[in-house]
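The primary structure of each chain is shown beneath.
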Amino acid sequence: MASKTAAKDIITLRGSAAIVSEFFGYAANSILYNRAVYPEESFARVKKYGLPMLLTKDEGVKSFISNLNAQLSEWLEAGKLQRVVLVIMSMNTGEVLERWNFSIETDNEVVEKGVSREKSDKEIMREIQAIMRQIASSITYLPCLDEQCVFDVLAYTDTDVAVPFTWMESSDAKLIANPQMVKLHSFDTKIHKVNTLVSYKNDEELDDEE
């Protein structure tokens with residue numbers, strides 16, 4: 001009697017690095033759109049992960065994210081990337097208002113021995129969908145950003161990684177004092193696991209003190 005088995009796809013280190021770096025690009029675009037860092041009209045609608053997504057039309061931001069993806073993919077393939085943080089700051093004061101934290105757990109056996117892993121592409125897509133839906137609904141659990149904002153990206157790597165000339169080594173972690181935190185879903189390629197957390201400035205405490 002024939003039995004039905006779930007199809008598994010072979011995931012290589014390079015393939016996993018491509019999946020994760022591409023995810024960062026789409027996640028960054030979604031955050032910039034949903035947190036109104038750039039105006040709505042500067043985004044174009046596309047379909048990705050079975051969902052309607054938005055991509056910036058701003059050439060400067062497109063170039064930044066494209067270069068970011070390429071560098072992250074290189075670090076992921078080398079097993080050197082620990083964390084990526086997208087920081088949203090006040091344009092006027094430079095104060096950090098939100099930190100979107102993506103921490104990466106890497107299967108070191110894959111990096112060291114070149115073995116592959118198995119996981120269904122559809123399962124990975126479903127996990128990414130869950131994160132993208134949470135980003136899209138962020139207006140329901142994050143305070144309104146009622147001032148003009150800018151963003152930056154911090155990458156945390158192993159200490160033996162040389163800093164590319166297009167990046168700047170910085171000791172400024174751009175932290176938020178006494179932040180509120182919301183843990184989002186994670187996704188796992190079986191080689192790289194990405195855990196997502198957003199922290200934000202807690203204005204309620206200030207209101208209570210006044």
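Quick look at the structure, then. Here the structure is a predicted model, which is why all the values come from computation and not from measurement.

**A short note on the overall build of the protein chain**
Within the protein chain, the secondary structure is distributed over five helices and nine strands. In sequence order, the secondary structure elements of the protein chain are arranged as β-α-β-β-α-β-β-α-β-α-β-β-β-α. Counting all 210 residues of the protein chain, 42% fall into the buried class. Taking contacts inside the protein chain between residues at least 6 apart in sequence as the whole, the part at least 24 apart equals 72%.

**Some points on the side chain of Lys119**
Note that Lys119 resides in the loop between strand S6 (117–118) and helix H4 (121–136). There is a polar contact of 2.6 Å between the side chain of Lys119 and the backbone oxygen of Asp188. Dropping the residues within four chain positions of it, Lys119 is found in contact with Lys8, Asp9, Ile11, Ile124, Glu127, Asp188, Thr189 and Lys190.

**Describing the pattern of salt bridges**
The final tally for this structure, using the stated rule, is nine salt bridges. Of the charged contacts in the structure, one is a salt bridge between Glu59 and Lys62, with a shortest N-O distance of 3.4 Å. One end of the pair is Glu59 and the other is Lys62, both in helix H2 (residues 59–77) and three residues apart, which spans about a single turn. For Glu59, a relative accessible area of 56% gives the class exposed. For Lys62, a relative accessible area of 38% corresponds to the partly exposed category.

**Focus on the packing of aromatic side chains**
What the rule picks out here adds up to eight aromatic pairs. Ring geometry for Tyr33 versus Phe43: centroids 5.3 Å apart, planes at 75°, classification edge-to-face. With Tyr33 in helix H1 (residues 13–34) and Phe43 in strand S2 (residues 43–48), the pair connects residues that are 10 residues apart, well separated along the chain. When the ring of Phe64 is compared with that of Phe151, the centres are 5.5 Å apart and the planes differ by 90°; the resulting orientation is edge-to-face.

**A word on the packing of H1 against H4**
H4 packs onto H1 with a crossing angle of 20° between their chain directions and a minimal axis gap of 9 Å. With respect to their mutual orientation, H1 and H4 come out roughly parallel. As for the relative orientation of H1 and H4, their crossing is right-handed in sense. Facing H1, whose interface residues are Ile19, Phe23, Tyr26, Ala27, Ser30, Ile31 and Asn34, H4 presents Ile124, Ile128, Ile131, Met132, Ile135 and Ala136. Here the residues of the contact of H1 with H4 sort into 11 nonpolar, two polar and no charged.

**What to know about the pairing of S2**
In this sheet, strand S3 (residues 51–56) lies alongside S2 in antiparallel orientation, the contact comprising six bridges. Its bridge partner lying in S3, Ala44 is registered against Leu55. The loop that links S2 with its antiparallel partner S3 comprises two residues; one of these, Tyr49, has a positive phi angle of about 60°.

**Some points on the packing of H1 against H2**
Helix packing geometry: the angle between the two helix axes and the distance between the axes. Running from N to C, H1 and H2 cross one another at 150°; their axes reach a closest spacing of 8 Å. Relative to H2, the element H1 is oriented roughly antiparallel. Our pair here, H1 against H2, has a crossing hand that is right-handed. In contact with Leu13, Arg14, Ala17, Ala18, Val20, Ser21, Glu22, Phe24, Gly25, Ala28, Asn29 and Leu32 of H1, H2 contributes Val61, Ile65, Asn69, Leu72, Ser73, Leu76 and Glu77. Residues that form the contact of H1 with H2 fall into these classes: 11 nonpolar, five polar and three charged.

**Topic: H1**
Here H1 spans 31 Å end to end across 22 residues, near enough to the 32 Å set by a 1.5 Å rise per residue. Taken across its 22 residues, H1 has 17 buried, putting it largely inside the fold. In the stretch just after H1, Ala36 is the one whose phi turns positive, near 55°.

**Focus: the nonpolar core**
Judged by nonpolar contacts, the single largest core of 50 residues is most densely connected at Phe23, Phe24, Trp100 and Met132. With residues near it in sequence (within four places) discarded, Phe23 still touches Tyr49, Phe102, Ile128, Ile131, Met132, Phe187 and Val194. In this structure, Val85, Val87, Val96 and Leu154 belong to the second largest nonpolar core, which totals six residues.

Calculation notes
Residues numbered from 1 in each chain as written. Predicted model: local features only at pLDDT ≥ 70, side-chain atom pairs only at ≥ 80, totals over all residues. Heavy atoms only, no water. Helix = DSSP H or I, 4+ residues; strand = E, 2+ residues; numbered from the N terminus. Buried < 20%, exposed > 50% of the residue type's maximum accessible area, 1.4 Å probe, protein only. Contact = heavy atoms within 4.5 Å. Polar contact = N/O pair within 3.5 Å; in protein donor to acceptor, adjacent residues only side chain to side chain. Salt bridge = Lys/Arg side-chain N within 4 Å of Asp/Glu carboxyl O. Phe/Tyr/Trp six-rings, centres within 6.5 Å; stacked < 30°, edge-to-face > 60°. Axes fitted to C-alpha atoms, helices over the stretch in contact; angles between N-to-C directions. Parallel < 35°, antiparallel > 145°, perpendicular 65-115°, else oblique. Left-handed = near helix turned anticlockwise from the far one by under 90°. Nonpolar A, V, L, I, M, F, W, Y, C, P; charged D, E, K, R; others polar. Pairing = 2+ DSSP bridges. Expected span 1.5 Å × (residues − 1). Core = buried A, V, L, I, M, F, W, Y, C linked by side-chain atoms within 4.5 Å.

Note that all results are geometric; they support no functional claim without further evidence.
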